[in-house]
Amino acid sequence: MLLRLAWRNLWRHKRRSLITAFAMAIAVALCMATTAFTDGMGRKMFNVMVEQQLGHIQVHHPDYPTGRKLYDTVPEAAKTMDALEGLPEVAHASAQLMGFALIGGAEETTGGQLVGVEPAREIAVTRADERIVDGRFLEDGKPGEIVLGAGLADEIDVGVGDTVVVVTQGSDGSIGNALYEVVGLFRTGNAALDKSGSMMALADLQDLLVLPDQVHKITVLGHDPDDLLALKNAAIAVVPDGTQVQTWEEASPQAVQMMAMMKFSTLIMLFLVFAVSSFGILNTMAMSVFERTRELGVLKAIGLRPGKLVQLVVAESVFLAALAGSIGFGIGGLLDVYLMVYGLDISGGNPEGMSFQGITLDPVMYGAIEPFSIFSILAALILVSTGASFVPAWRASRLDPVEAIRTE
Amino acid sequence: MSIVSVRNLQRTYQQGTITVKALNGVDLDIDSGEFTVLMGPSGSGKTTLLNCIGGLDTPSSGSVVIDGTELGKLTKGELSDLRLHKLGFVFQSYNLIPVLSAYENAEFVLLLQGVPPKERRERVMQTLKDVGLEGMEHRRPGELSGGQQQRVAVARAIAGRPALVLADEPTANLDSKTGHALIELMKHLNDVHGITFVFATHDPKVMDAAKRVVQLVDGKIESDDRR
């Protein structure tokens, strides 16, 4: 009966209830659209930073992350790779050898980063082939090939089919140089890498740097990204002594901070939007209680306990929130679908996309739905509706029936 | 047997610097099945006494015992439960819940009492029949006349089978004919079902129907006539 009464009370002032419900619905819908957009951006950043660069875990020499020295390598690379790939927790693994070199075309030369990879394994881990914008990616068993970042290729004025010369210093002090055919250009989304990065076969770079069977980093993707510890422990058991295994969170605290910051800023926005809309509910419920002072007094007089009176007023507010939620989640869902299917053009006229925190985002950013965000909006809606109605409900429960019944 | 036992009841109010004695040492016993009228001029204390008997107002001193339970010893929640199970109220301005039908208004108390659905329906329908509202169960208060609304209020008051019904100026908002019919109804309920009524009123029609008239003046009982 209390619920029936609460529902009917809501419709005593249809216009006021609907205005409040729509105001909250708009807040819900906007929050849904905004969180879908930021979640999409977060997913993209996670994709670029973690899955394409850091991996779920990394194997490297303990000093390599801080020193980036040529000699800080993982030995017995081939054997270690086979061992890692044999682990049930591991989905894919890819070894990388890094070096710096002068890379020159016919006219121009610039400094660049060399990354030696095993093409098939690299594709499996980082999906590097998807980022080729011209030509093709490296192929196993084809030495003497190189792919360049699109920005780097522009700088030294080379394209697919051209030959570049790479000059670097080997680990034994010798000067290594060789010619490579440019078979493709890539754009990763990482602005720095696109302007200075290049990739070649691992064996080619091991020869050039005189680092046989050595790599600087092995990037590993597990089957379960949420169980990094199991993956890390399994890897520790098979890597050579003196090497370090780190989760992506340990390898890049900045990435963790960035993800946390995005989530936090979303929560702040939710808080602000719902804080404002809570005044709408507070006002509606306060007016509703004020207008029904006598009636609530009568309910108390005939034996309705104060706690039940609180339930009655809070139930009205929850109904209002449910109505707002239904409309808001409906509109918000449509906005989310639009963002997921059509995305939002954030290029601002720049066809290469917008750079954010060193990562170039696609010109069109697509939304994503994260359960955490939907749960947060739902929780905020419930908290705000019950919280905002609690003060009027508490006041109603404290009414003196005699005074209340006398109220005109 | 006394349903109501009031002893040395005092109720004082503070109006600015003046202390008003609304009740000044009232002693009163009301037996089961009585049809009692508290009468007196405005400010005599009849409504205050009714509110104190109903547990709606807290006496400054003295005691009120309803059906063996002293109200002063109850918590607010227990007082609510006592009102729910032992008392029925009829107010001057009907004070029905406007969004509930006549049936639902009468049913409300039974729902709070936890009466099972089948019994609830039978009792509500019988009560509405008793007060002459058969066929009007689904009408909301706004669709009923003043007299009909007050009959719903009476139905709500008696549906829970209280030990005592307290009515504060129940005929004040009704025309003479309707008011008379309402009094006849309550008299009938008293005669046939033995429901105990206590009225606060200065309506002569109610006094004419009363079995007992308690006259209050300046917060004291001046006379107590049984007929």
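Here, the structure is the one placed above.
Definitions and limits used
- Residues numbered from 1 in each chain as written.
- Chains lettered and ligands numbered in written order.
- Predicted model: local features only at pLDDT ≥ 70, side-chain atom pairs only at ≥ 80, totals over all residues.
- Heavy atoms only, no water.
- Helix = DSSP H or I, 4+ residues; strand = E, 2+ residues; numbered from the N terminus.
- Buried < 20%, exposed > 50% of the residue type's maximum accessible area, 1.4 Å probe, protein only.
- Contact = heavy atoms within 4.5 Å.
- Axes fitted to C-alpha atoms, helices over the stretch in contact; angles between N-to-C directions.
- Left-handed = near helix turned anticlockwise from the far one by under 90°.
- Nonpolar A, V, L, I, M, F, W, Y, C, P; charged D, E, K, R; others polar.
- Expected span 1.5 Å × (residues − 1).
- Salt bridge = Lys/Arg side-chain N within 4 Å of Asp/Glu carboxyl O.
- 1 Å grid on protein atoms, 1.4 Å probe; cavity = no way out; pocket = protein on both sides within 12 Å on 5 of 7 lines; lining within 4 Å.
- Points joined across faces, edges and corners; volume = space filled by probe spheres on them.
- Buried area = accessible area lost by both parts, 1.4 Å probe.
- Polar contact = N/O pair within 3.5 Å; in protein donor to acceptor, adjacent residues only side chain to side chain.
- Phe/Tyr/Trp six-rings, centres within 6.5 Å; stacked < 30°, edge-to-face > 60°.

Details of the overall build of chain A
Thought 1: If you tally the helices and strands in chain A, you get 15 helices and 14 strands.
Thought 2: Put simply, chain A has 408 residues, and 51% of those count as buried.
Thought 3: When contacts within chain A are restricted to residue pairs at least 6 apart in sequence, those whose partners lie at least 24 apart make up 76%.

Some remarks on the packing of helix 13 (residues 306–341) of chain A against helix 14 (residues 371–397) of chain A
All names here are of chain A.
Thought 1: Viewed as axis vectors pointing N to C, helix 13 and helix 14 meet at an angle of 150 degrees, and their least axial separation amounts to 8 Å. Judged by the sense of rotation from one axis to the other, the crossing of helix 13 with helix 14 is right-handed.
Thought 2: Class assignment of the residues belonging to the contact of helix 13 with helix 14 gives a composition of 17 nonpolar, six polar and no charged.

Some thoughts on helix 4 (residues 117–130) of chain B
Residue and element names in this part refer to chain B.
Thought 1: Helix length check: helix 4, at 14 residues, gives a terminal C-alpha distance of 20 Å against a target of 20 Å (1.5 Å per residue), a fit within 8%.
Thought 2: Taken together, the buried residues of helix 4 touch helix 3 (102–113) and helix 5 (146–159).
Thought 3: In the segment just after helix 4, Gly132 is the residue with positive phi, at about 80 degrees.

A look at the environment of Leu133(B)
Residue and element names in this part refer to chain B.
Thought 1: With respect to the helices and strands, the residue Leu133 is situated in the loop between helix 4 and helix 5.
Thought 2: When its relative accessible area of 1% is taken as the criterion, Leu133 is described as buried.
Thought 3: A sequence separation of 30 residues divides Leu133 from Tyr103, and the C-alpha atoms of the two residues are 9.5 Å apart.
Thought 4: Other than its neighbours up to four places away in sequence, Leu133 contacts Leu128, Gln148, Arg151 and Val152.

So, the pattern of salt bridges
Thought 1: Counted according to the given criterion, the structure contains 29 salt bridges over all chains.
Thought 2: The residue Glu291(A) makes a salt bridge to Arg16(A) at a minimum N-O spacing of 3.0 Å. Note that Glu291(A) is positioned in helix 11 (residues 253–291) and Arg16(A) in helix 2 (residues 14–54), a separation of 275 residues in sequence.
Thought 3: Note that Asp67(B) and Lys86(B) form a salt bridge whose closest N and O atoms lie 3.4 Å from each other. With Asp67(B) in the loop between strand 4 (61–66) and strand 5 (69–70) and Lys86(B) in helix 2 (residues 76–86), this pair connects stretches of sequence that are 19 residues apart.

Focus: the layout of surface pockets
Thought 1: Space inside the second largest pocket adds up to approximately 630 Å³.
Thought 2: Around the second largest pocket, the lining comprises 33 residues; the ones closest to its centre are Asp400(A), Gly55(B), Leu56(B), Asp57(B) and Thr58(B).
Thought 3: Of all the secondary structure elements, the ones that give two or more residues to the lining of the second largest pocket are helix 15 (401–406) of chain A together with strand 1 (2–15), strand 4 and helix 2 of chain B.
Thought 4: For the lining of the second largest pocket, the residue count by class is 13 nonpolar, ten polar and ten charged.

A word on the interface of chain A and chain B
Thought 1: Taken together, the contact between chain A and chain B spans 22 residues of the former and 26 residues of the latter.
Thought 2: The junction of chain A with chain B conceals about 2,200 Å² of combined surface from both sides, 65% of it contributed by carbon and sulfur atoms.
Thought 3: When residues of chain A are sorted by the area they lose upon contact with chain B, Met1(A), Arg8(A) and Ile302(A) head the list and together hold 30% of the total.
Thought 4: Here chain A and chain B share eight residue pairs in polar contact (both at pLDDT 80 or more) between them.
Thought 5: Those elements that provide at least two residues to the side of chain A that touches chain B are helix 1 (2–10), helix 12 (293–301) and helix 15 of chain A.
Thought 6: A breakdown of the residues in the side of chain A that touches chain B according to their chemical character gives twelve nonpolar, two polar and eight charged.

A short note on the environment of Val364(A)
Thought 1: Assignment of secondary structure puts Val364(A) in strand 14 (residues 364–365).
Thought 2: Among all residues touching Val364(A), those that are not within four sequence positions of it are Tyr342(A), Gly343(A), Leu344(A) and Asp345(A).

Overview of the packing of aromatic side chains
Residues and elements named next belong to chain A.
Thought 1: Counting across every chain of the model gives seven aromatic pairs over all chains.
Thought 2: Measuring from centroid to centroid gives 5.5 Å for Trp7 and Trp11, while their planes differ by 75 degrees, and the two rings are edge-to-face.
Thought 3: Residue classification places Trp7 among the partly exposed residues on the basis of a relative accessible area of 39%.
Thought 4: Judged by relative accessible area, Trp11 falls into the partly exposed class, the value being 25%.

Comments concerning helix 6 (residues 176–193) of chain B
Side chains three or four residues apart in an α-helix point the same way, a direct result of the helix having 3.6 residues per turn.
Residue and element names in this part refer to chain B.
Thought 1: If you check helix 6, its first and last C-alpha atoms are 25 Å apart, about what 18 residues at 1.5 Å a residue would give, namely 26 Å.
Thought 2: All of the buried residues along helix 6 are Gly179, Leu182, Ile183, Leu185, Met186, Lys187, Leu189 and Asn190.
Thought 3: Residues of helix 6 that are buried sit in contact with strand 3 (35–39), helix 4, helix 5, strand 8 (197–200) and helix 7 (204–209).
Thought 4: Of the residues flanking the start of helix 6, the one acting as N-cap is Asp175, its side-chain oxygen 3.1 Å from the backbone nitrogen of Lys177.
Thought 5: Following helix 6 by one or two positions, Gly194 has its phi on the positive side, about 70 degrees.

Digging into empty space enclosed by the protein
Thought 1: Within the structure shown, the criterion is met by two cavities of 30 Å³ or more.
Thought 2: Of the volumes computed, that of the largest cavity is approximately 70 Å³.
Thought 3: Lining the largest cavity, in full, are Asn9(A), Leu10(A), His13(A), Arg16(A), Ser17(A), Thr284(A), Met285(A), Ser288(A) and Glu316(A).
Thought 4: Of all the secondary-structure elements, those providing two or more residues to the lining of the largest cavity are helix 1, helix 2 and helix 11 of chain A.
Thought 5: If one sorts the elements of the lining of the largest cavity by residue count, helix 11 of chain A sits on top with three residues.
Thought 6: Here the second largest cavity is characterised by a volume of approximately 40 Å³.
Thought 7: The wall of the second largest cavity is formed by Ile302(A), Arg83(B), Leu87(B), Gly88(B), Phe89(B), Val109(B), Arg156(B) and Ala157(B).

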